[in-house]
Amino acid sequence: MSASVWLDEQPPVPLPRYGTGALSDLLPSIAASLGMPGEANTLGLAPARAACVFLIDGLGWDLLRAHPVEAPYLHSLLGTSFAGSGRPLTAGFPATTATSLASFGTGLTPGVHGLVGYSVAVPGENRLMNQLRWVDDIRPRDWQPYPSVLERAAAAGITVAQVNDVIFEHTPLTRAVLGGGRYVGAEFGERRVKGVHRQLAQPGPVLVYTYASELDRCGHGMGVDSPEWRAELRRIDGVVRAMAEGLPADSVLYVTADHGMVDVAPEQRVDVDTDPGLSAGVALLGGESRARHVYTRPGAAKDVHAIWDDMLGDQMWVLTRDEAIESGWFGPIVEDRVRARIGDIVAAAFGDIAVVASRREPGESRLTGVHGSMTSAEQLIPLLEVRG
């Protein structure tokens, strides 16, 4: 990872490579490689008649490199990553699904599309908005007003299709950041492979998107060091191989991810809900266990920052909102409508720690595998390539 910011005696913050090698650069680069005008091919992808991008939730670069036995086919493609450079992309901050899918789908950085965490404050209201589950009274395109790359591609005359589980077709997150083109419902496995191949075989230019959530779900529940996670990785490896081996002529398959994952042991968890120091002055606690947005009570921001930095600064980067924005955590631009969604304090883990909230977030607090921060295990993602 490239640019870094030094904070006292802590390790440097390895900033995402926004604009040069981040997930937000991928779909615009693919669209440009298909001949779409007005899109920048930042990643230098070779031209193609048709392209499919397969986003595997939770398939971090470090995890993939560490499992050649479980993922022999995917592992054999590591050298193709990032236009044949053999390097990974960065997800963006925080390295979490809602933020990453928004960056991927819109081609924009978090500070512009505005999905800046797993859960964030609704400006002017004393409540959080979970950006995966959403809330009924916030319309998706009010919260994220920019058109997706898929919408732009369809408007430009590219045949666009999403081949995915039917459960994702009408979710608020899909409507907010992944609208556009035809939606083809197909369960993961053989039906998904055949559906992708049928779409890619249409006259070009063609852009297909598909997604798998199973590996991430298994990692959260069982951990990335579990037999169950390794078995799921083997299954996914077989699906990707089948998808690659049947590619129509002049088409390309890209395999990427939204973040990696780490296991954090129970004894390494700090519970804000049972710690009077960490909970003092905190009105709302957003984000997730390794990338926290801390919203403070009026007048308490300075004290909360001092306490969190004193108690957690040996394992987390703890910045004020202004410091995190100025340091580029959310990209080079943070729009005014987005600023208040960011915590008064932003804390990102570099150590083996998870900051949980057992009463406010009972389910999330029990997860084994977690992510969100800017460590290589969470931040680095593949961009593998196979051409038909």
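Check the entry above for the structure.
I will try to describe carefully the structure that is included in this document.

Quick notes on the rules
Residues numbered from 1 in each chain as written. Predicted model: local features only at pLDDT ≥ 70, side-chain atom pairs only at ≥ 80, totals over all residues. Heavy atoms only, no water. Helix = DSSP H or I, 4+ residues; strand = E, 2+ residues; numbered from the N terminus. Expected span 1.5 Å × (residues − 1). Buried < 20%, exposed > 50% of the residue type's maximum accessible area, 1.4 Å probe, protein only. Arc of directions from axis to C-beta. Polar contact = N/O pair within 3.5 Å; in protein donor to acceptor, adjacent residues only side chain to side chain. Pairing = 2+ DSSP bridges. Axes fitted to C-alpha atoms, helices over the stretch in contact; angles between N-to-C directions. Contact = heavy atoms within 4.5 Å. 1 Å grid on protein atoms, 1.4 Å probe; cavity = no way out; pocket = protein on both sides within 12 Å on 5 of 7 lines; lining within 4 Å. Points joined across faces, edges and corners; volume = space filled by probe spheres on them. Nonpolar A, V, L, I, M, F, W, Y, C, P; charged D, E, K, R; others polar. Parallel < 35°, antiparallel > 145°, perpendicular 65-115°, else oblique. Left-handed = near helix turned anticlockwise from the far one by under 90°. Patch = residues over 30% accessible without salt bridge, like charges linked within 9 Å, V, L, I, M, F, W, Y side chains within 5 Å. Areas by Shrake-Rupley, 256 points an atom, 1.4 Å probe, with all protein chains shown as cover. Salt bridge = Lys/Arg side-chain N within 4 Å of Asp/Glu carboxyl O. Lys, Arg positive; Asp, Glu negative; His and termini not counted. Charge placed at Lys NZ, Arg CZ, Asp CG, Glu CD. Core = buried A, V, L, I, M, F, W, Y, C linked by side-chain atoms within 4.5 Å.

Points about helix H14 (residues 301–312)
And step 1. With 12 residues, H14 ought to run about 16 Å at 1.5 Å a step, and its terminal C-alpha atoms sit 16 Å apart, in line with that.
And step 2. Along H14, the residues classified as buried are Val304, His305, Trp308 and Leu312. Buried residues of H14, seen end-on, are gathered within an arc of 100° and therefore sit on one face of the element. Exposed and oriented more than 90 degrees from the buried face of H14 are Lys302 and Asp310.

Topic: the side chain of Ser226
And step 1. Relative to the assigned elements, Ser226 resides in the loop between helix H11 (214–222) and helix H12 (227–245).
And step 2. Only 2.7 Å separates the side chain of Ser226 from the backbone oxygen of Gly223, close enough to count as a polar contact.

Some words on unusual backbone geometry
And step 1. Geometrically, the link from Phe93 to Pro94 is a cis peptide bond, its omega value of -10° lying close to zero.
And step 2. Within the secondary structure, Pro94 is located in the loop between strand S4 (89–90) and helix H5 (97–106).
And step 3. Residue Pro205 is reached from Gly204 by a cis peptide bond, and omega for that bond is -5°.
And step 4. With a phi angle near 60°, Ala83 is a residue other than glycine that sits in the positive phi range.
And step 5. Tracing the backbone shows Ala83 in helix H4 (residues 81–84).

Here's the deal with the sheet that holds strand S13 (residues 282–288)
And step 1. The strand order across the open sheet built from 4 strands is S13-S14-S16-S15, with neighbouring strands paired in antiparallel fashion. If you trace the sheet from one side to the other, it starts and ends with S13 and strand S15 (316–320), each paired once. Taken over all neighbouring pairs, the strand axes of this sheet differ in orientation by 20° on average, direction set aside.
And step 2. Here 6 bridges tie S13 to strand S14 (residues 291–296), and the two strands are oriented antiparallel to one another. Bridging across to S14, Glu288 finds its partner in Ala291.
And step 3. Packed on one face of the sheet, H14 meets S13, S14, S15 and strand S16 (345–349) and runs near 170° to S15.

Re the layout of surface pockets
Gaps left between atoms are located by rolling a probe of water-molecule size over the structure's atoms.
And step 1. The calculated volume of the largest pocket comes to roughly 790 Å³.
And step 2. Lining the largest pocket are 34 residues, with Asp57, Thr97, Tyr118, Leu132 and Asp216 sitting closest to its centre.
And step 3. Every element with two or more residues in the lining of the largest pocket is listed here: H5, strand S7 (159–164), helix H9 (172–177), strand S9 (206–212), H11 and S13.
And step 4. Examining the composition of the lining of the largest pocket, we find that 3 residues originate from one element, H11, more than from any other.
And step 5. A breakdown of the residues in the lining of the largest pocket according to their chemical character gives 12 nonpolar, 14 polar and 8 charged.

Observations regarding the environment of Arg387
And step 1. If you trace the backbone, Arg387 turns up in strand S20 (residues 384–387).
And step 2. Arg387 sits 139 residues away from Pro248 along the chain, and the two C-alpha atoms are 8.9 Å apart.
And step 3. Among residues more than four places away in sequence, those in contact with Arg387 are Ala46, Pro47, Ala48, Leu247, Ser251, Val252 and Tyr254.
And step 4. A distance of 3.0 Å separates the side chain of Arg387 from the backbone oxygen of Pro47, its partner in a polar contact.
And step 5. At a separation of 3.3 Å, a polar atom in the side chain of Arg387 contacts the side chain of Tyr254.

Observations concerning the packing of helix H10 (residues 190–200) against H12
And step 1. With their axes 9 Å apart at the nearest point, H10 and H12 run at an angle of 25° to one another. Taken together, the axis directions place H10 and H12 in an arrangement best described as roughly parallel. The crossing of H10 and H12 is right-handed. Contact residues: Arg192, Val193, Val196 and His197 in H10; Val239, Ala242 and Met243 in H12.
And step 2. Here the contact of H10 with H12 is built from residues that sort into 5 nonpolar, 1 polar and 1 charged.

Quick notes on a negative patch on the surface
And step 1. A cluster of acidic side chains, namely Asp309, Asp310, Glu323 and Glu326, defines a negative patch on the protein surface.
And step 2. Elements supplying a minimum of two residues to the negative patch: H14 and helix H15 (321–326).
And step 3. Along the chain, the position of Glu323 falls in helix H15.

Overview of the pattern of salt bridges
Side-chain pairs of opposite charge can arise whenever the charged atoms involved come near each other.
And step 1. Under the defined criterion, the tally for this structure stands at 18 salt bridges.
And step 2. A salt bridge links Glu151 to Arg141; the shortest N-O distance between them is 3.1 Å. Of the two residues, Glu151 sits in helix H8 (residues 149–155) while Arg141 sits in helix H7 (residues 140–143), which places them 10 residues apart along the sequence.
And step 3. For Arg141, a relative accessible area of 30% puts it in the partly exposed group.
And step 4. Between Arg360 and Asp273 there is a salt bridge, with the nearest N and O atoms lying 2.7 Å from each other. Placement of Arg360 in the loop between strand S17 (354–356) and strand S18 (369–370) and of Asp273 in the loop between strand S12 (269–271) and helix H13 (276–279) is noted, with a sequence separation of 87 residues between them.

Overview of the nonpolar core
And step 1. Ile30 and Trp329 are the most contacted members of the largest nonpolar core, which has 106 residues in total.
And step 2. Excluding residues within four positions of it along the chain, Trp329 makes contact with Val13, Leu15, Tyr18, Phe93, Trp317, Leu319, Ala324, Val346, Ala348 and Met374.

Observations regarding the sheet that holds S20
As a general point, the strands of a sheet are linked pairwise by backbone hydrogen bonds and lie either parallel or antiparallel.
And step 1. Reading across the sheet, the 6 strands line up as S8-S7-S9-S3-S10-S20 and stay open at both edges, with mixed pairing between neighbours. Looking at the sheet topology across the chains shown, the edges are occupied by strand S8 (182–185) and S20. On average, each strand axis in the sheet is inclined to that of its neighbour by 20°, with strand direction left out of account.
And step 2. Against the sheet, H12 touches strand S3 (50–56), strand S10 (251–257) and S20, its axis set at about 180° to S3.

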